[in-house]
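Report on the structure
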Amino acid sequence: MPSVIIGLALLALWLYCLFDVITTPEEDVRNLPKFMWVLIVIFLADVGALTWLLVGRPRARHAMYASGGGQWVQSGDAPRGPDDDPEFLRSLERRLRDED
């Protein structure tokens, strides 16, 4: 029974890494071209998956997925909330002045 659980965990890791390599934009992949990473993860299975996680995957602090626009942006480019966006605050202030 433990070998089945370990096998399923390794399969899940391999599938996760394969999906991650395929969906990562080409410009964010580190150290090798994306095509090479796909081949490494497919043919070297779990060793390739771990190598992808440690060496090839984009660093989390450098890339962030913007769910609203559906595109990859640098984490410093997108405001964290409406009250952090200076343009939103200016438009809100204009609307409040017009109502008075």
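Residues numbered from 1 in each chain as written. Predicted model: local features only at pLDDT ≥ 70, side-chain atom pairs only at ≥ 80, totals over all residues. Heavy atoms only, no water.

**Digging into the confidence of the model for the protein chain**
Mean pLDDT for the protein chain: 80, with 78% of residues reaching 70 or above. At the low end of the mean pLDDT range in the protein chain sits strand β1 (residues 64-66), at 50; at the high end sits helix α1 (residues 2-23), at 92. (pLDDT = per-residue confidence, 0-100. Helix = DSSP H or I, 4+ residues; strand = E, 2+ residues; numbered from the N terminus.)

**Describing the nonpolar core**
Listed in full, the 10 residues of the largest apolar core are Cys 17, Leu 18, Val 21, Val 29, Trp 37, Val 38, Ile 40, Val 41, Ala 49 and Trp 52. Of all the secondary-structure elements, those providing two or more residues to this core are α1 and α2 (34-56). Among the elements that take part in this core, α2 stands out by supplying 6 residues, more than any other. Among residues more than four places away in sequence, those in contact with Cys 17 are Val 41, Ala 49, Trp 52 and Leu 53. (Core = buried A, V, L, I, M, F, W, Y, C linked by side-chain atoms within 4.5 Å. Buried < 20%, exposed > 50% of the residue type's maximum accessible area, 1.4 Å probe, protein only. Contact = heavy atoms within 4.5 Å.)

**Observations regarding the packing of α1 against α2**
In the contact formed by α1 and α2, the axes pass within 9 Å of each other and the chain directions differ by 155°. With respect to α2, the axis of α1 lies roughly antiparallel. You can see that α1 and α2 cross each other, and the crossing is right-handed. Facing α1, whose interface residues are Leu 10, Leu 13, Trp 14, Tyr 16, Cys 17, Leu 18, Asp 20, Val 21 and Ile 22, α2 presents Lys 34, Trp 37, Val 38, Val 41, Ile 42, Ala 45, Asp 46, Ala 49, Leu 50, Trp 52 and Leu 53. When its residues are assigned to classes, the contact of α1 with α2 shows 17 nonpolar, no polar and 3 charged. (Axes fitted to C-alpha atoms, helices over the stretch in contact; angles between N-to-C directions. Parallel < 35°, antiparallel > 145°, perpendicular 65-115°, else oblique. Left-handed = near helix turned anticlockwise from the far one by under 90°. Nonpolar A, V, L, I, M, F, W, Y, C, P; charged D, E, K, R; others polar.)

**As for the packing of aromatic side chains**
Tallying each qualifying case throughout the model produces 1 aromatic pair. Pairing Trp 37 with Trp 52 gives two aromatic rings, centres 5.5 Å apart and planes at 70°, and the pair type is edge-to-face. For Trp 52, a relative accessible area of 0% puts it in the buried group. (Phe/Tyr/Trp six-rings, centres within 6.5 Å; stacked < 30°, edge-to-face > 60°.)

**A short note on the pattern of salt bridges**
If the charged atoms of two oppositely charged side chains come close together, the side chains can form a pair. One pass over the full model with this rule turns up 4 salt bridges. Residue Arg 90 is joined to Glu 87 by a salt bridge in which the shortest nitrogen-to-oxygen separation is 3.2 Å. Of the two residues, Arg 90 and Glu 87 are both situated in helix α3 (residues 86-99); the distance of 3 residues between them amounts to about one turn of the helix. Arg 90 sits in the partly exposed class, given a relative accessible area of 45%. In this structure, Arg 97 and Glu 93 form a salt bridge, with 2.8 Å as the shortest nitrogen-oxygen distance. Taken as a pair, Arg 97 and Glu 93 lie in helix α3 at a separation of 4 residues, close to a single helical turn. You can call Glu 93 partly exposed: its relative accessible area is 45%. Through salt bridges with shared partners, a single network forms among Glu 87, Arg 90 and Arg 94. (Salt bridge = Lys/Arg side-chain N within 4 Å of Asp/Glu carboxyl O.)

**Concerning α1**
In this model α1 runs 32 Å from its N-terminal to its C-terminal C-alpha over 22 residues, within 8% of the 32 Å that 1.5 Å per residue would give. Residues of α1 that are buried: Cys 17, Leu 18, Asp 20 and Val 21. Buried residues of α1 fall within an arc of 165° about the axis and therefore sit on the same side. Projecting away from the buried face of α1 at angles above 90 degrees are the exposed residues Ile 5, Leu 8 and Phe 19. Looking at the buried side of α1, the elements it contacts are α2. (Expected span 1.5 Å × (residues − 1). Arc of directions from axis to C-beta.)

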